[in-house]
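Structural features, examined
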Amino acid sequence: MTAMGTQKVTAKELTTIILNKEDLFILDVRNESDFSDWKIEGISVDIINIPYFDLLDDIAPALDAIPADKPVVVVCAKEGSSIFVAEQLAEAGLNHVSYLEGGMKSWSEYLEPVKVADLSGGGELYQFVRIGKGCLSYMVLSNGEAALIDTSRMIDQYQRFMQKKGVELIHAIDTHLHADHISGGRALAQRYGAAYHLPPKDATEVTFEYEKLVEGRDITVGQETIKVQPIYTPGHTIGSTSFLIDNTYILTGDILFIDSIGRPDLAGLAEDWVGDLRDTLYSRYKVLSEELIVLPAHFGKVTELGIGGLVAGRLGTLYSENPGLNIEDESEFRRTVTENLPPQPNSYQEIRQVNMGKIAPNIEEQREMEIGPNRCAVHDK
Amino acid sequence: MNSDKVLDAKGLACPMPIVRTKKSIAELQSGQVLEVHATDKGAKNDLTAWAKSTGHELLSSNEENGVYKFWIRKA
């Protein structure tokens with residue numbers, strides 16, 4: 001029922017446009033505080049903010065700000081106001097006007113599957129990029145079986161992917177107890193009768209049964225063809241665990257990102273964990289091969305998105321270029337990871353409670369808790 | 001809190017709560033108070049920002065059983 005000339009664009013389509021670095025102009029019509037907190041980003045994206053309530057009587061301020069030759073996508077929180085504004089723009093004669101279906105709510109939830117590589121035993125490794133929130137999750141597939149690491153809340157998207165690939169989930173693993181997003185790992189494991197793994201040191205307060213992630217106890221996917229080797233790497237949380245896959249890929253969770261490092265304060269114990277974080281980053285990872293490919297659980301900036309959206313980096317390159325790995329002085333390191341940190345992720349304390357099984361909010365409440373950026377890195381200012 | 005008029009915007013999705021609020025405010029005299037009831041979660045930040053941009057004063061707001069109530073004094 002939209003006016004002539006107004007089209008909808010899905011979060012998936014918008015993701016493709018952004019990853020292809022196509023020219024795009026976004027008119028975000030949410031209020032200023034929501035916009036400054038969190039918005040759509042992309043290397044080729046031009047974005048401006050004019051709240052819809054300033055355009056109710058007169059669309060002219062928006063018309064004046066939109067370049068004539070660029071396609072425009074209008075965005076709001078859910079979609080209602082963006083449809084209203086897009087229709088006004090189309091009626092005023094603007095071509096190529098669309099609105100984001102489902103608004104920022106849908107943007108926050110969309111997962112783009114990006115293939116990382118074929119594995120030596122015939123399996124595959126995929127990265128799921130939650131582009132709207134900066135979360136990354138991983139799937140190892142081999143011989144009809146799948147393992148998922150750092151699963152996002154929207155488990156239907158993984159389920160459809162696994163159906164298409166003809167695989168069954170046998171392991172859901174979280175590298176640590178997450179504070180920025182609600183884990184879908186436990187729910188998805190239940191659905192498939194799969195095992196749900198957590199580091200025991202992060203799970204002292206959980207209300208459910210789980211498999212203990214312990215160094216030396218490998219996890220196999222697909223008749224022992226793919227080994228997922230846990231490596232204990234505390235610092236972001238006391239239990240944080242990394243994974244070595246196929247001796248080539250290291251999943252670093254929220255400890256090491258491409259352009260930054262994890263923050264130790266989200267469980268309230270920053271001072272206690274600084275030493276662990278430094279030890280993990282400056283000693284434990286240091287003895288590993290420089291040729292390992294780092295696959296983190298988050299990205300902070302769109303510039304970290306590589307070909308097809310893949311977020312990855314060679315460990316040796318990170319040791320020379322990542323600012324978080326190049327702080328020689330211990331007290332300076334301590335200051336960097338405990339002082340002047342970015343604001344904490346929205347509802348991070350409640351999110352931890354959900355992931356421990358202590359509270360069970362409904363789907364709408366869960367969505368609301370997750371709105372906004374992840375802010376898990378020390379440099380996410 | 002006393003109000004001169006009550007607007008029921010429950011069940012309405014964005015942008016309608018603001019569209020109706022704007023219309024109702026237009027029918028009041030300067031200094032009179034409009035009470036708005038809404039269920040859209042976005043209404044809180046939006047009404048606050050809208051009041052600021054138009055110069056009306058958001059006197060108070062609360063939430064009870066999923067209903068958001070706002071008291072706005074016309075500029």
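Residues numbered from 1 in each chain as written. Chains lettered and ligands numbered in written order. Predicted model: local features only at pLDDT ≥ 70, side-chain atom pairs only at ≥ 80, totals over all residues. Heavy atoms only, no water.

Chain B appears in an unreviewed UniProt entry as TusA-related sulfurtransferase from Paenibacillus taihuensis. Quoted straight from UniProt, the Sequence similarities (unreviewed entry) entry for chain B says "Belongs to the sulfur carrier protein TusA family." (UniProt positions renumbered as here; feature names shortened; annotations may be inferred.)

The name given to chain A in an unreviewed UniProt entry is Glyoxylase-like metal-dependent hydrolase (Beta-lactamase superfamily II), with Paenibacillus taihuensis as the source organism. Taken from UniProt, the Function (unreviewed entry) comment for chain A reads in full: "Counteracts the endogenous Pycsar antiviral defense system. Phosphodiesterase that enables metal-dependent hydrolysis of host cyclic nucleotide Pycsar defense signals such as cCMP and cUMP."

The next point concerns the side chain of A:E304. Along the chain, A:E304 turns up in the loop between β17 (293–296) and β18 (313–314). No salt bridge forms around the buried A:E304; measuring N to O, its nearest opposite-charge neighbour A:K301 is 4.5 Å away. (Helix = DSSP H or I, 4+ residues; strand = E, 2+ residues; numbered from the N terminus. Buried < 20%, exposed > 50% of the residue type's maximum accessible area, 1.4 Å probe, protein only. Lys, Arg positive; Asp, Glu negative; His and termini not counted. Salt bridge = Lys/Arg side-chain N within 4 Å of Asp/Glu carboxyl O.)

So, about the side chain of A:D202. Residue and element names in this part refer to chain A. With respect to the helices and strands, D202 occurs in the loop between β11 (195–198) and β12 (211–212). Although D202 lies buried, it forms no salt bridge, and the closest oppositely charged side chain, R352, sits 6.7 Å away as judged by the N-O distance. A distance of 3.0 Å separates a polar atom in the side chain of D202 from the backbone nitrogen of L177. Setting aside chain neighbours within four positions, we find D202 in contact with H176, L177, T237, I238, G239 and S240. (Polar contact = N/O pair within 3.5 Å; in protein donor to acceptor, adjacent residues only side chain to side chain. Contact = heavy atoms within 4.5 Å.)

This paragraph deals with the UniProt feature "domain: Rhodanese" (unreviewed entry) in chain A. Those residues carrying the UniProt feature "domain: Rhodanese" (unreviewed entry) are residues 20–116 of chain A in this numbering. Annotated as residues 20–116 of chain A, this span is 32% helix and 24% strand, and its ends, taken at the C-alpha atoms, are 17 Å apart.

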